[in-house]
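Residue-level listing of the chains:
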Amino acid sequence: MVDIMREIERKYETTDDGTTSGGLPELAGVAGIAQVRDQGAVTLDATYYDTPGQRLAADGITLRRRTGGDDAGWHLKLPVGPDVRDEIRAPLSDTLPAHLAGLVRSRVRGTGLVPLVHLLSERNVRHLVDSDGTLLAELSADQVTARRLAPVPGDPVSWTEVEVELAEGGDPALLDALEPHLTDAGLRRADLPSKLARALAETAPREGGHKLEKKSRKKSGGKSGKTSGEKSGQKSGKKDAGKETAEATAGDIVLDYVRRQITTIVTLDPAVRLDTYDSVHRMRVATRRLRSAFRSYRKVLDRTVTDPIGAELKWLAAELGIDRDREVLTARIGERLSEVPVELRLGPVAARLQIWSHARRTGSRDRLIGVLDGERHLALLDTLDALLADPPLRPAAARPAAEVIRKAVLRDYERLADRLEPVLDAPSGPDRDVVLHEARKDAKRARYAAEAARPALGAPAKAFAGLMTEVQELLGDHQDSVVAREALRELAIQAHAAGESTFTLGLLHGREEARAADRERELPGLWAEVSRREHRAALEP
């Protein structure tokens, strides 16, 4: 079982001369702290590992082997948000444990890890406890000596650092309450989020024979704790078009969107391995968004390059979806079953559903880890890196963003309309179901195109994406009903063969059929709203 600790802490630096105005402040009586207990001193000896190109450090990840203290061993820290990281630990050993190696594989790939920095910390620890003696936070003062090991050994550097780390389940408001007392004592929030980040900055190659100024260190992370996905503009899609995008080209907008999806795929890899809630779904969505962008913005990115990548993304999405699709379907049928009155539940329907579901599980957890560790997936990640390093831009990429992006969104809308409108009044049946399923994919593609367009087109793109989402969800519910009815028929055949009642399964089948009919009746009205001229006009010049 993987040992994961949620670490919430703030780091502080001393003044430039390495001192505070009067030592650490007296914190007893502050924010519920009844007593400060001295825990003595400990020596921590750590070696940090990374790729030669420092891929882990670039994403705010640290991997170390440390001795000393009560948690000697291997520690992998993954950024979660400002002041927050998840620490995965493993017992002390000479070589990196396999499960930790797996968690960094999406960054390391085939390059290997090297010892990057050696850190020696003389740590004085104080426990901040409440009136019941319950630990609220740990206050540590570290005298740090760091020496770069790669690419060549360097001279050691030293500094003093103070950390305040919340106890498990602690209230982050305590950090806010303590901060003014620490700053009054001459401390300031650290510019960089980790000791490793500071060590790398302090031992960076000199420019013109002079060490880089301290203020330049803020450029490599600062105290925000943001991941590389956030630094690359992960939230930019939420902004309306403004001054900062007024001069953007179509290539700028599309590549920013592509970069965010690639960052998401790489960043979620450890979460998928740790089976973090919704991580598989979010990675799968990122692969779909990326593949959709390649198709929607084919005037910007050369499809002779992106089509093969899209095929690999389709493969990865399928591998990610093996278990999820089954789980979603089982949950849907289970929810419908819970709505049936007890007197109408004849036979062991719930047990039959669980047997059916588990019989089709593919040992997918191990299979999925194997996919993520496999050469095909790692080659895909390398290919995505190469795409960003040398994007296959077409001439339209250099044109003003709004002009090119708008046409792409409207082109996807017309594709959806051409498929959907001929079957709006067609009779129900398998042929119509197939067309509606394809229309759902088209609606999703138009939605993703509009989401990517928001930095260029602003609020109209946001509104249009919302309408496409409504169409996608309605058609998705219809398709889920089609799939559920197929599953219920299969369940009924199995139940009948086992001598069980199939009444309830037939009832559920009928309810799903009625639900699909409801969606079909709602569709013309929703589409009439979508296709009103003013919605499309908002996207036009």
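Residues numbered from 1 in each chain as written. Predicted model: local features only at pLDDT ≥ 70, side-chain atom pairs only at ≥ 80, totals over all residues. Heavy atoms only, no water.

On to the overall build of the chain, then. From N to C terminus, the chain includes 17 helices and 9 strands. For the chain, buried positions account for 48% of its 541 residues. Across the chain, every contact between residues at least 6 apart in sequence was considered, and the portion connecting residues at least 24 apart equals 73%. Split by element, the accessible area of the chain, about 25600 Å² in all, is 51% carbon and sulfur. (Helix = DSSP H or I, 4+ residues; strand = E, 2+ residues; numbered from the N terminus. Buried < 20%, exposed > 50% of the residue type's maximum accessible area, 1.4 Å probe, protein only. Contact = heavy atoms within 4.5 Å. Areas by Shrake-Rupley, 256 points an atom, 1.4 Å probe, with all protein chains shown as cover.)

This paragraph deals with the nonpolar core. Generally speaking, a soluble globular protein has its nonpolar side chains buried in company with each other. Ranked by size, the top nonpolar core spans 74 residues in total, and within it Val258, Tyr297, Ile405, Val409, Leu420 and Trp527 carry the most contacts. Of all the elements, helix α7 (residues 250–273) adds the most residues to this core, at 12 residues. Beyond its immediate chain neighbours, meaning those up to four positions away, tryptophan 527 contacts Tyr413, Leu416, Ala417, Leu420, Glu421, Leu424 and Val471. Formed by 18 residues, the second largest nonpolar core is a distinct cluster that contains Leu128, Leu139, Val162 and Leu175. (Core = buried A, V, L, I, M, F, W, Y, C linked by side-chain atoms within 4.5 Å.)

It is worth spelling out the confidence of the model for the chain at this point. When pLDDT is averaged across the chain, the result is 88; 88% of the residues are at 70 or more. Per-residue pLDDT, averaged within each element of the chain, yields its smallest value for helix α6 (residues 228–231) (36) and its largest for strand β3 (residues 62–67) (97). Taken as a whole, residues 18–22 scores under 50 in pLDDT and shows 10 contacts with residues more than four places along the chain or in a different chain. In the model, residues 209–244 has pLDDT below 50 throughout and makes 70 contacts with residues more than four positions away in sequence or in other chains. (pLDDT = per-residue confidence, 0-100.)

The next thing to look at is helix α5 (residues 195–202). Of all 8 residues making up α5, 8 are buried, and the element is well covered by its neighbours. Listed in full, the buried residues belonging to α5 are Lys195, Leu196, Ala197, Arg198, Ala199, Leu200, Ala201 and Glu202.

Turning to helix α10 (residues 349–359), a few remarks are in order. Turning to α10, its buried residues number three or more, namely Val349, Arg352, Leu353, Trp356 and Ser357. Along α10, the residues classed as buried sweep out an arc of 130° about the axis, all on the same side. Summarising the geometry of α10, the exposed residues directed more than 90 degrees from the buried face are Ile355, His358 and Ala359. As for α10, its buried residues are in contact with α9 (303–338), α15 (459–497) and α16 (503–530). (Arc of directions from axis to C-beta.)

Our focus in this paragraph is the packing of aromatic side chains. The full count for this structure, using the stated rule, is 3 aromatic pairs. A centroid spacing of 5.9 Å and a plane angle of 65° characterise the contact between tyrosine 413 and phenylalanine 464, whose relative ring orientation is edge-to-face. Here tyrosine 413 is found in helix α13 (residues 401–420), whereas its partner phenylalanine 464 is found in helix α15, with 51 residues between them in sequence. Look at tyrosine 413 and you get buried, because its relative accessible area is 1%. Each member of the aromatic cluster is reached from another via a ring pair, and the members are Tyr413, Phe464 and Trp527. In this structure, arginine 326 is placed above the aromatic ring of tryptophan 356, and the distance from its NZ or CZ to the ring centre is 4.2 Å. The cationic tip of arginine 376 hangs over the ring face of tryptophan 315; the distance from NZ or CZ to the ring centre is 4.2 Å. (Phe/Tyr/Trp six-rings, centres within 6.5 Å; stacked < 30°, edge-to-face > 60°. Lys NZ or Arg CZ within 6 Å of the ring centre and 35° of its normal.)

In this section: the pairing of strand β6 (residues 114–129). With 15 bridges joining them, strand β2 (residues 35–50) and β6 adopt antiparallel strand pairing. Directly across from threonine 47, in β6, lies its bridge partner histidine 118. Looking at chain direction, β6 and strand β7 (residues 135–148) are connected through 13 bridges and run antiparallel. Note that in β7 the partner of histidine 127 across the bridge is glutamate 138. What sits between the antiparallel neighbours β6 and β7 is a turn of 5 residues, in which glycine 133 has the positive phi angle 85°. (Pairing = 2+ DSSP bridges.)

Our focus in this paragraph is the environment of phenylalanine 503. Note on placement: phenylalanine 503 falls in helix α16. Beyond its immediate sequence surroundings of up to four residues, phenylalanine 503 is in contact with Leu344 and Leu346.

Using the criterion set out here, one finds 55 salt bridges in the structure. Among the ionic pairs, arginine 188 bridges to glutamate 13, the shortest N-O distance being 3.2 Å. Placement of arginine 188 in strand β9 (residues 188–189) and of glutamate 13 in strand β1 (residues 3–13) is noted, with a sequence separation of 175 residues between them. Relative accessible area serves as the criterion here: at 28%, arginine 188 is assigned to the partly exposed category. (Salt bridge = Lys/Arg side-chain N within 4 Å of Asp/Glu carboxyl O.)

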